[in-house]
Amino acid sequence: MALMDYAPKIAEAFNRSRGPRGDGAASELALTMLYQLSTDQGTRHKFRHTECIPLVIGMLSQGGGGADRTAVALAINLSLAPGNAEQLAAKGQLRQLVRAASQTMDNCLLKLIRNLSAHELPYREEFRAYVDELLAMSIRCDNHDVLVEVLGIVSNMNSSCCDLEGLVHKYDLANWLKKFLVPGFVHDDIVLEVIMVIGVIATDARCSSILANSGLIDGLAQLMEYQKGDDEMVLQLCYTFYCLVRQADTREVILVRLCSHMLRKLAGQNAYCRVLDA
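Visitor: Go over the environment of valine 191 with me, naming the residues and quoting the values.
Guide: On the secondary structure map, valine 191 appears in helix α12 (residues 188–202). Taking the relative accessible area as the measure of exposure, valine 191 reaches 3% and is therefore buried. As for valine 191 and valine 148, which are separated by 43 residues in sequence, their C-alpha atoms are 9.0 Å apart. Excluding anything up to four places from it in sequence, valine 191 contacts Phe180, Val186, Leu223 and Met233.

Quick look at the structure:
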């Protein structure tokens with residue numbers, strides 16, 4: 001029998017062991033076993049057919065920002081599978097998660113929300129109401145982990161599920177993002193998320209003029225030179241430039257200032273970057 005076949009029985013045992021008269025040690029053990037099973041990418045999608053997800057939802061709802069850490073970690077793993085994510089976000093649960101994350105600035109809850117935001121499922125439309133709240137939180141917060149997760153959520157958005165132009169104007173995003181492009185100002189994981197967010201904004205033609213006149217393109221070019229030894233960073237920069245060059249206003253800035261520099265990069269030894277030249 002495969003280990004995953006035991007998940008329903010473990011979930012049942014976990015449910016029985018909860019409560020004031022339950023066995024706390026048994027409950028913790030069962031939850032830890034479910035978490036370990038959820039780390040297997042090939043089997044985590046099978047959790048949708050067990051009682052595990054409703055149990056996790058219950059724990060998250062009751063605990064809010066103080067939810068059991070193992071339960072949150074289990075939910076994070078489960079949310080990587082689309083079927084599980086749909087259940088985790090259903091019946092107003094996404095709203096509760098966003099509210100709890102905003103109140104506590106819990107980066108683990110934000111990571112769960114980020115995973116949920118990555119799936120092309122109907123509940124993504126709900127993010128139109130939530131991204132504004134999350135962005136406001138990240139702008140006033142100096143927590144590195146929170147910033148990474150919120151930027152990751154925004155980078156999963158597009159103009160069909162988020163008013164990108166409205167957010168750019170409301171929060172002066174072009175200038176806010178530009179400060180993160182200064183070499184050495186923040187850790188590379190934040191820089192990478194910022195580059196992806198700029199690429200997402202660039203897909204909205206209504207933001208083209210703002211980006212073209214913001215100095216962001218010069219900042220990206222400076223970063224390209226600074227990070228030339230980091231293949232992942234260079235690849236993401238190339239893709240963001242690809243998004244920028246598809247809009248008239250930003251295309252003109254790139255052609256005037258950066259064309260020769262970009263061609264040298266695309267002709268280099270990085271095979272992944274050369275794919276964007278095809």
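Visitor: I'd like a description of the pattern of salt bridges, backed by residues and values.
Guide: If you walk through the whole model with that rule in mind, you get 11 salt bridges. The salt bridge partner of arginine 114 is glutamate 193, with a shortest N-O separation of 2.7 Å. In this pair, arginine 114 is assigned in helix α7 (residues 107–117) and glutamate 193 in helix α12, connecting sequence segments 79 residues apart. Here arginine 114 matches glutamate 193 in class, with each residue buried. Here arginine 206 ties to glutamate 165 by a salt bridge, and the two come within 3.3 Å at their closest N and O atoms. Taken together, the residues arginine 206 in the loop between α12 and α13 (208–212) and glutamate 165 in helix α10 (residues 164–170) connect sequence positions 41 residues apart. The exposure class of arginine 206 is partly exposed, given its relative accessible area of 43%.

Visitor: Explain the side chain of serine 102 to me, and be specific about the residues and the numbers.
Guide: Tracing the sequence through the fold places serine 102 in helix α6 (residues 93–104). A relative accessible area of 12% means that serine 102 is categorised as buried. A distance of 2.9 Å separates a polar atom in the side chain of serine 102 from a polar atom in the side chain of glutamate 133.

Visitor: Provide a residue-level description of the packing of α6 against α7, including the pertinent values.
Guide: With their axes 9 Å apart at the nearest point, α6 and α7 run at an angle of 145° to one another. By crossing handedness, the relation of α6 to α7 is classed as left-handed. Contacts from Leu94, Leu97, Val98, Ala100, Ala101 and Thr104 of α6 reach α7 at Leu109, Leu110, Leu112, Ile113 and Leu116.

Visitor: Lay out the nonpolar core with the relevant residues and their values.
Guide: By size, the foremost hydrophobic cluster in this structure holds 94 residues, and its most contacted members are Leu94, Leu110, Ile113, Leu116, Leu173 and Leu177. The dominant element in this core, judged by the number of residues it contributes, is α12, at 10 residues. Non-local contacts of isoleucine 113, meaning those with residues more than four positions away in its chain, are made with Leu94, Leu97, Val98, Ala101, Phe127 and Ile153.

Conventions we followed
- Residues numbered from 1 in each chain as written.
- Predicted model: local features only at pLDDT ≥ 70, side-chain atom pairs only at ≥ 80, totals over all residues.
- Heavy atoms only, no water.
- Helix = DSSP H or I, 4+ residues; strand = E, 2+ residues; numbered from the N terminus.
- Buried < 20%, exposed > 50% of the residue type's maximum accessible area, 1.4 Å probe, protein only.
- Contact = heavy atoms within 4.5 Å.
- Salt bridge = Lys/Arg side-chain N within 4 Å of Asp/Glu carboxyl O.
- Polar contact = N/O pair within 3.5 Å; in protein donor to acceptor, adjacent residues only side chain to side chain.
- Axes fitted to C-alpha atoms, helices over the stretch in contact; angles between N-to-C directions.
- Left-handed = near helix turned anticlockwise from the far one by under 90°.
- Core = buried A, V, L, I, M, F, W, Y, C linked by side-chain atoms within 4.5 Å.

Worth remembering: the numbers are spatial, not functional.
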